[in-house]
Amino acid sequence: MPRHSAAVYRRRRLVTLVAVILLVAVVGVAVWLLVARPWANAAEATPSPSASASESSSPDPTAGESPAAESPAPESSAEETPGIVACEAKDVEVAAVTDADTYDPGVMPQLSISLTNRGSTDCAIDVGSTTQRLTVSSGSDVWWTSTDCQENPSSMVATLTAGATVTSKVPVVWDRTRSSVETCADENRPRAPGGGSSYHVAVEIGGFKGTTTKQILLY
């Protein structure tokens, strides 16, 4: 068997030494990874998908609350109130009402309307200013009409109870002058004569006219 040179032996010993060093290094790294587990803390610090879903599904204590200013809509009743029929002329009595029968100089008459349901059942009627009309006349001469200078008329449907009499709450004031749609802004409209002059107040509301008028005297 031929003898190898010293250089060959040195190379073999070097290769063997490197192999031993690499083996020791690999074993050392494997043992360190097994014991130290460098990713363990990072993995435990990250929420698991199930934990994240659980947290996101938990409601915010205030998220589902309704604003305090809003209230739930009332539930419909099982039994609805029957509709009220419209009043008929044969059941409604309309009359003019005044705060006095005679008026001293400078005192303005306050005019109102009364409604009486002579029928046996409740009925509905529009008592808004749109349907109201008060007229002051002297004989055949119409002096004043409430609708001539009326502003912002409106409708208001109300129930008139059977057998009840109601009177308008806010009277209409007649300023003792002659009215017309052309002179609403005039400050010097003709004034109604006094001295005991007689005037009659007629009223209408909801399409129903008073069957009589109310007499007043101006002084």
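Please refer to the structure placed before this passage.
### Details of the packing of aromatic side chains
On inspection of all chains with the given rule, the structure shows 1 aromatic pair. Note on W174 and Y199: the rings are 5.5 Å apart at their centroids and 65° apart in plane angle, and the pair reads as edge-to-face. Of the two residues, W174 sits in the loop between β9 (172-173) and β10 (197-205) while Y199 sits in strand β10, which places them 25 residues apart along the sequence. The same class applies to W174 as to Y199, namely buried. Positioned over the ring face of W143 is R178, at 3.9 Å from the centre of the ring.

### Notes on the layout of surface pockets
In this structure, the largest pocket occupies an estimated 470 Å³ of space. Along the walls of the largest pocket sit 21 residues, with V127, Q132, M156, S168 and K169 positioned nearest its centre. Those elements that place two or more of their residues in the lining of the largest pocket are β3 (110-117), β7 (157-160) and β8 (165-167). Take the lining of the largest pocket: its biggest share by element is 3 residues, from β7. Roughly 170 Å³ of internal volume is contained in the second largest pocket. Surrounding the second largest pocket, S129, Q132, L134, W144, T145, S146, C149, Q150, V172, S179 and R189 form its lining.

### Some words on the nonpolar core
Among the nonpolar cores identified, the biggest contains 25 residues, and V94, L115, W174 and Y199 are the most heavily contacted of them. Of all the secondary-structure elements, those providing two or more residues to this core are β1 (92-98), β3, β4 (123-126), β5 (133-138), β6 (141-145), β10 and β12 (214-218). When near neighbours in sequence (up to four residues on either side) are disregarded, L115 contacts V92, E93, V94, I125, V127, L160, A164, T165, V166 and I205.

### Things to note about the side chain of R189
Within the element layout of this structure, R189 appears in the loop between β9 and β10. What makes R189 buried here is its relative accessible area of 12%. Here D175 takes part through its side chain, which lies 3.2 Å from a polar atom of the side chain of R189. Of the polar contacts made by the side chain of R189, one reaches the backbone oxygen of R178; its length is 3.5 Å. In this structure R189 touches C149, D175, T177, R178, S179, S180, T183 and C184, once residues within four positions along its chain are discounted.

### Re the pattern of salt bridges
Summed over all chains, the structure comprises 6 salt bridges. Of the charged contacts, one joins D91 and K90 as a salt bridge, the two residues approaching to 3.3 Å between their closest N and O atoms. Residue K90 is classed as exposed on the basis of its relative accessible area of 64%. A salt bridge links R189 to D175; the shortest N-O distance between them is 3.2 Å. Remark: D175 occurs in the loop between β9 and β10 and R189 occurs in the loop between β9 and β10; sequence separation between them is 14 residues.

### Side note on the environment of D126
Its location among the elements puts D126 in strand β4. Beyond its immediate stretch of four places on either side in the chain, D126 contacts T131, S155, M156, V157, I205 and G206. In this structure the side chain of D126 is engaged in a polar contact, spanning 3.3 Å, whose partner is the side chain of S155.

### Concerning the state of the cysteines
Where two cysteines share a covalent bond between their sulfur atoms, that bond is called a disulfide. By the definition in use, this model includes 2 disulfides. Each sulfur of the disulfide joining C149 and C184 lies 1.9 Å from the other. Judged by the sign of its S-S torsion, about -95°, the cystine formed by C149 and C184 is left-handed. Within this pair, whereas C149 is found in the loop between β6 and β7, its partner C184 is found in the loop between β9 and β10, the two being separated by 35 residues in sequence. What links to what in the protein: the bonded cysteines, counted in sequence order, pair as 1-2, 3-4.

Calculation notes
- Residues numbered from 1 in each chain as written.
- Predicted model: local features only at pLDDT ≥ 70, side-chain atom pairs only at ≥ 80, totals over all residues.
- Heavy atoms only, no water.
- Phe/Tyr/Trp six-rings, centres within 6.5 Å; stacked < 30°, edge-to-face > 60°.
- Helix = DSSP H or I, 4+ residues; strand = E, 2+ residues; numbered from the N terminus.
- Buried < 20%, exposed > 50% of the residue type's maximum accessible area, 1.4 Å probe, protein only.
- Lys NZ or Arg CZ within 6 Å of the ring centre and 35° of its normal.
- 1 Å grid on protein atoms, 1.4 Å probe; cavity = no way out; pocket = protein on both sides within 12 Å on 5 of 7 lines; lining within 4 Å.
- Points joined across faces, edges and corners; volume = space filled by probe spheres on them.
- Core = buried A, V, L, I, M, F, W, Y, C linked by side-chain atoms within 4.5 Å.
- Contact = heavy atoms within 4.5 Å.
- Polar contact = N/O pair within 3.5 Å; in protein donor to acceptor, adjacent residues only side chain to side chain.
- Salt bridge = Lys/Arg side-chain N within 4 Å of Asp/Glu carboxyl O.
- Disulfide = S-S within 2.5 Å.

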